[in-house]
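# A structural walkthrough
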Amino acid sequence: MEALIASYGDASSDSDSDSPLEPPPPPTTTSQDPSPLPPPPLSLLEPPNSYATLDYSISGQSSRVRSFPHVEGNYALHVYIPVCIPSTLKKELALFLKRVANLVPGLHVVDVDIPLEVLLKDDNKLEQVALGREFHISLGRTVPIRVHQIDSVVAMLRQKLQLQKWYWIDFSKWEVFVNDDHTRTFLSMEVTAAGLAEITKHIQAVNEVYKLHNLPEFYQDPRPHISLVWALGDISNSLKNVIEEERRFTIGGSSQKHIFTSKFSGIDCRIGNKTYKIM
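Reference entry: report on the structure contained in this document. On a predicted model such as this, the values are computed, not experimentally measured, just so you know. (Residues numbered from 1 in each chain as written. Predicted model: local features only at pLDDT ≥ 70, side-chain atom pairs only at ≥ 80, totals over all residues. Heavy atoms only, no water.)

Turning our attention to the environment of Asn 102. With respect to the helices and strands, Asn 102 occurs in helix α2 (residues 87-103). The exposure class of Asn 102 is exposed, given its relative accessible area of 58%. For Asn 102 and Glu 117, which are 15 residues apart along the polypeptide, the C-alpha to C-alpha distance reads 7.9 Å. (Helix = DSSP H or I, 4+ residues; strand = E, 2+ residues; numbered from the N terminus. Buried < 20%, exposed > 50% of the residue type's maximum accessible area, 1.4 Å probe, protein only.)

See the structure below:
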């Protein structure tokens, strides 16, 4: 009972009175509405390991699209050589990308699709996001396959590629590529010397597996490369002009025979969200 009385305030003022307890006064009204609760942190709305903390606007930005429509029961197949850029080269490459981005607007980081311009003020973030991930030398087209084809494709790739030897891959020059429908332009590093013969043999082996599964083969004259950034549309001419000028001041100038060298680390096959080690 004492606790009940105490909950209404001063117990001594009413404890000896037979009159009913006075109701509490109504709350004071104001002309202003109560302040709304603040919104939840954006980090709670994003999946783990995302780049949500980069705080950039994507309004009006066209996202990348598939080269083939999504069909229920289909899985995207991609066969590639994984490549990592040496840490000793990242600062030089970051400087090169900054110079290019200042002259060519609308560039995006490949795969994560973050606008390059939002990374220019933070060198560490630029190196981490644009250069710190795994890159891919494609050995075949990215194509859809049915679920019943997965085991067969993986088994035949392993059979065809199991006897490959280890070698060095020399990324010799900067190059600009445009996709088949001219909706994307890519800034890439191309393999033109060491490693080209071996990679060409890999592509031939992958083509054989694709052909047996009625899948489209790779380009007739393949040009192995890794892509760093992309832009909407076909801007190949303007991007080539900028690259030709800027490379002389940072990386890959006329006196330099290659950009960097990487040791062949094996071949992976990604089907849907699962990655298979081929060799």
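Turning our attention to helix α6 (residues 236-246). Every buried residue of α6 is listed here: Ser 236, Leu 239, Val 242, Ile 243 and Glu 246. Angular distribution of buried residues about the axis of α6 spans 130 degrees; they occupy a single face of the element. For α6, the exposed residues set more than 90 degrees away from the buried face come down to Asn 237 and Asn 241. Contact partners of the buried residues in α6: α2, β5 (168-178) and β6 (184-191). (Arc of directions from axis to C-beta. Contact = heavy atoms within 4.5 Å.)

Looking now at the nonpolar core. Ranked by size, the top nonpolar core spans 66 residues in total, and within it Leu 77, Ile 81, Leu 116 and Met 189 carry the most contacts. The element best represented in this core is α2, accounting for seven residues. Setting aside residues no more than four positions away along its own chain, Leu 77 makes contact with Arg 141, Thr 142, Val 143, Ile 145, Val 153, Tyr 210, Leu 215, Cys 269, Arg 270 and Ile 271. (Core = buried A, V, L, I, M, F, W, Y, C linked by side-chain atoms within 4.5 Å.)

Before going further, it helps to examine the packing of α2 against α6. Axis separation between α2 and α6 bottoms out at 10 Å; the angle between their running directions is 140 degrees. Compared by their axis directions, α2 and α6 come out oblique. When the axes of α2 and α6 are compared, the crossing they make is right-handed. Between α2 and α6, the residues in contact are Phe 96, Arg 99, Val 100 and Leu 103 and Leu 239, Val 242, Ile 243 and Glu 246, respectively. (Axes fitted to C-alpha atoms, helices over the stretch in contact; angles between N-to-C directions. Parallel < 35°, antiparallel > 145°, perpendicular 65-115°, else oblique. Left-handed = near helix turned anticlockwise from the far one by under 90°.)

Using the criterion set out here, one finds nine salt bridges in the structure. The shortest N-O distance in the salt bridge between Asp 180 and Arg 141 comes to 3.3 Å. Of this pair, Asp 180 sits in the loop between β5 and β6 while Arg 141 sits in the loop between β3 (135-138) and β4 (143-146), placing them 39 residues apart in sequence. Using a relative accessible area of 53% as the deciding quantity, one classes Asp 180 as exposed. (Salt bridge = Lys/Arg side-chain N within 4 Å of Asp/Glu carboxyl O.)

Let's shift gears to the pairing of strand β1 (residues 74-83). The buried fraction of β1 is high, at seven of 10 residues. As paired elements, β1 and β4 share four bridges and run antiparallel to each other. Among the inter-strand pairings, Ala 76 is bridged to a residue of β4, identified as Pro 144. The sheet contact formed by β1 and β3 spans four bridges and is antiparallel. Its bridge partner being in β3, Val 83 is matched across the sheet by Phe 135. (Pairing = 2+ DSSP bridges.)

Taken as a whole and judged by the stated rule, the model has five aromatic pairs. For the pair Phe 96 and Trp 174, a centre-to-centre distance of 4.3 Å together with 20 degrees between the ring planes defines the contact as stacked. Linking Phe 96 in helix α2 with Trp 174 in strand β5, this pair joins segments that are 78 residues apart in sequence. Note on accessibility: Phe 96 and Trp 174 belong to one class, buried. With centroids separated by 5.1 Å and ring planes inclined at 55 degrees, the aromatic side chains of Phe 218 and Tyr 219 adopt a geometry described as tilted. On the accessibility criterion, Phe 218 (15% relative accessible area) is buried. When its relative accessible area of 38% is taken as the criterion, Tyr 219 is described as partly exposed. An aromatic cluster is defined as three or more aromatic residues linked by ring pairs; in this entry it consists of Trp 166, Tyr 167 and Phe 264. (Phe/Tyr/Trp six-rings, centres within 6.5 Å; stacked < 30°, edge-to-face > 60°.)

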